[in-house]
Amino acid sequence: MARRKYVVGNWKMHGVSADILEISGIASAAAESSNVDVALCLPATLIERAVRSVSGFSFGGQDVHQEAKGAHTGCVSAPMLLDAGASLTIVGHSERRAGQCETDQQVRAKAESALGAGLDVILCIGESLEVREAGQALSTVQAQLDASLPHGEGAAAGVPAKFAIAYEPMWAIGTGKVASTADIREMHSALRERLVAAYGDAGNEVRILYGGSVSASNASEIFAVDDVDGALVGGASLTAEKFVPIVIAAA
Ligand code: PEP
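Residues numbered from 1 in each chain as written. Predicted model: local features only at pLDDT ≥ 70, side-chain atom pairs only at ≥ 80, totals over all residues.

**Student:** I'd love a proper account of the pairing of strand E8 (residues 230-233), names of residues and values included.
**Tutor:** Burial along E8 is two-sided: Gly230 and Leu232 and Ala231 and Val233, pointing in opposite directions, are all buried. For strand E1 (residues 5-10) and E8, the ladder comprises four bridges, and the chain directions are parallel. Bridge pairing in E8 places Val8 opposite Leu232. (Buried ≥ 20, exposed ≤ 12 C-beta atoms within 10 Å, placed from the backbone. Helix = DSSP H or I, 4+ residues; strand = E, 2+ residues; numbered from the N terminus. Pairing = 2+ DSSP bridges.)

Now the structure itself:
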C-alpha cells in the first residue's frame, strides 16, 4: 500500500509575525516536492497571519480543546482553529501530556472533536526513557495508542485520510538522540498491526510518522524504514535551511 510521505513541522512556542518570511521560504520549497504533503503547526497566534500571507500551504495548531466553546480560559477549540484557517492539529504531544497532565482519554476526546469539526489530526504517542530501559516500550506505546485512538462519528469521518499517528520517543525529542532504525521499524510495525485491528483495512492507510531529533543528516535513513510515512519535526522545522532538506529527503 503506497502512502504519500507527510512531513510536518511543530514550531512549539516559537514564532512571531517577523517569521513569516521563513514560513514563506518553507512553503515555496515544499511546493516543489509535489509527492510529499508538508505542513507547519504554528502557535495559534500566528496561524491566521500565516494563512493570509502564504497561499497553497497547510497550517495547523499544536493542540485543541475537546469542547467547541465554553469556560476554558486560555484554550483554543477546533472551530476556532478552522476559523483561523488551519486545516490540521496535533493532539497528545508528550510536552502536553507531561506538562499539562493530559490523559489518553482527553487526547482521544480532542482527536474526536478535531476530526468531527473537519480538521486533520496528528496524534502523538511515545515512551519515556525509563519505560524503554525497562523493556516496556512496545507494550506501553501500544496501550497508549489503543486508549487514545478516536472512535465514533469523528473517527469515521477522519480515518484514514485525515488522521496520522506520530511515534515520538520522549527521550528523543529535542535531545539530538534518535531511536535506532531497528527500534523504529519494530514500533511502527506493531502500531500498524494495532491500527488494522482497530480500523480494518483502512488502518493500512493511516500514516505513521516518526518524531524525535529528525534532521537533514538522519532523515533519509529514517524515511527508508518500513512503515515510516514521514516525520514530525520540532527544532529543525524552524528554518527553511534546516527543514527543506528533510522535505527533500522524503520526496
Ligand atoms: C517534536 O516536538 O515533536 C519533536 C520531534 O521535536 P524535535 O524534532 O526537536 O526533537
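Further notes follow.
**Student:** Provide a residue-level description of the UniProt feature "binding site: substrate" (unreviewed entry) in the chain, including the pertinent values.
**Tutor:** The feature "binding site: substrate" (unreviewed entry), as given by UniProt, occupies Asn10, Trp11, Lys12, Gly174, Ser213, Gly234 and Gly235 in the numbering adopted here. Look at the named residues: they lie 226 residues apart in sequence, but the longest C-alpha span between them is just 14.1 Å, so in the fold they bunch up. In this fold, Asn10 is placed in strand E1. Setting aside its immediate chain neighbours within four residues, Asn10 contacts Cys41, Gln62, Ile90, Leu232, Val233, Gly234 and Ser237. The class of Gly235 is buried, set by 20 C-beta atoms lying within 10 Å. (UniProt positions renumbered as here; feature names shortened; annotations may be inferred. Contact = placed C-beta atoms within 7 Å.)

**Student:** If you had to explain the sheet that holds E8 to someone new, which residues and values would you point to?
**Tutor:** Consider a sheet: its strands pair through backbone hydrogen bonds, and that pairing is either parallel or antiparallel. The eight strands lie next to each other as E1-E2-E3-E4-E5-E6-E7-E8, forming a closed barrel whose pairing is parallel. Pairs of neighbouring strands in the sheet enclose a mean axial angle of 25 degrees, with direction left out of account. Packing of helix H11 (residues 240-250) onto the sheet brings it into contact with E1, strand E2 (36-41) and E8, and relative to E1 it is tilted by some 165 degrees. (Axes fitted to C-alpha atoms, helices over the stretch in contact; angles between N-to-C directions.)

**Student:** Before we move on, can you summarise the site of the ligand with the specific residues and values?
**Tutor:** Taken together, 13 residues lie near the ligand, and Ile173, Gly174, Gly211, Gly234 and Gly235 sit nearest. Here the residues of the shell around the ligand are counted per class, giving five nonpolar, seven polar and one charged. (Near = placed C-beta within 6 Å. Nonpolar A, V, L, I, M, F, W, Y, C, P; charged D, E, K, R; others polar.)

**Student:** I'd love a proper account of the nonpolar core, names of residues and values included.
**Tutor:** By size, the foremost hydrophobic cluster in this structure holds 74 residues, and its most contacted members are Val121, Ile122, Leu123, Ile165, Leu209, Ala231 and Ile246. Looking at this core element by element, the count peaks at six residues for H11. Sequence-distant contacts of Leu123, defined by excluding residues within four places in its chain, comprise Val91, Gly92, Val107, Ala111, Ser148, Ile165 and Ala166. (Core = buried A, V, L, I, M, F, W, Y, C linked by C-beta atoms within 7 Å.)

**Student:** Tell me about the packing of helix H1 (residues 20-31) against H11, residues and numbers included.
**Tutor:** Taken N-terminus to C-terminus, the directions of H1 and H11 make an angle of 20 degrees; their axes are 9 Å apart at the nearest point. In terms of axis orientation, H1 runs roughly parallel to H11. In this structure, the crossing between H1 and H11 has a hand that is right-handed. Facing Glu22, Gly25, Ile26, Ala29 and Ala30 of H1, the residues of H11 in contact are Ala240, Phe243, Val244 and Val247. The residue inventory of the contact of H1 with H11, partitioned by class, reads seven nonpolar, one polar and one charged. (Parallel < 35°, antiparallel > 145°, perpendicular 65-115°, else oblique. Left-handed = near helix turned anticlockwise from the far one by under 90°.)

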